[in-house]
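# Coordinate inspection notes
If you want the building blocks of each chain, they are given just below.
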Amino acid sequence: MYTWKIENVKVYKNYDDHTDVIYLVNYSVDYAEAGVGGATLYDKQEVSVSDLSDFTPFDDLTDAIVLGWVENALGTEGMAQKETDARNILNVETKQLNG
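Rules used throughout
Residues numbered from 1 in each chain as written. Predicted model: local features only at pLDDT ≥ 70, side-chain atom pairs only at ≥ 80, totals over all residues. Heavy atoms only, no water. Helix = DSSP H or I, 4+ residues; strand = E, 2+ residues; numbered from the N terminus. Buried < 20%, exposed > 50% of the residue type's maximum accessible area, 1.4 Å probe, protein only. Contact = heavy atoms within 4.5 Å. Areas by Shrake-Rupley, 256 points an atom, 1.4 Å probe, with all protein chains shown as cover. Salt bridge = Lys/Arg side-chain N within 4 Å of Asp/Glu carboxyl O.

When helices and strands are tallied, the chain shows 1 helix and 3 strands. When the elements of the chain are put in sequence order from the N terminus, they spell out β-β-β-α. C-alpha extents for the chain along the principal axes are approximately 60 × 35 × 25 Å. Taken across its 99 residues, the chain has 27% of its residues classed as buried. Sequence separation of at least 24 residues holds for 53% of the intrachain contacts in the chain that already meet a minimum separation of 6. Taken as a whole, the chain presents about 7,100 Å² of accessible surface, with 46% of it coming from carbon and sulfur.

This is how it looks when you write it as structure tokens:
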């Protein structure tokens, strides 16, 4: 099972007569599998600020709205790849070389 979460956002304090304009979204993709464990992938997505005609004030934004921006930017294939990457973290381990 995958769970997408907005961790935080970076904003321009003032941009084009607007305040708190999001330009970067930091998100995570959690993967959990019964009997196997879980892993979390952290990543970021830039948000275009070139067209603010549909600007939503920061205080009116929700995680679902911002996650929708990430989904639109990544597309279906990109989202599937991020979920695969999160699952693959379970197959990674760190080892020390002997000498």
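When you line up the elements, Lys82 lands in helix α1 (residues 63–88). A relative accessible area of 18% places Lys82 in the buried class. The residues touching Lys82, leaving out its near neighbours within four places in the chain, are Trp4, Tyr27, Val29, Leu41, Asp43 and Leu74.

What follows covers the pattern of salt bridges. By the definition in use, this model includes 1 salt bridge. Residues Lys82 and Asp43 are paired through a salt bridge, measuring 2.4 Å at the closest nitrogen-oxygen approach. Note that Lys82 is positioned in helix α1 and Asp43 in strand β3 (residues 37–46), a separation of 39 residues in sequence.

The values reported here are purely geometric and, on their own, carry no functional implication.
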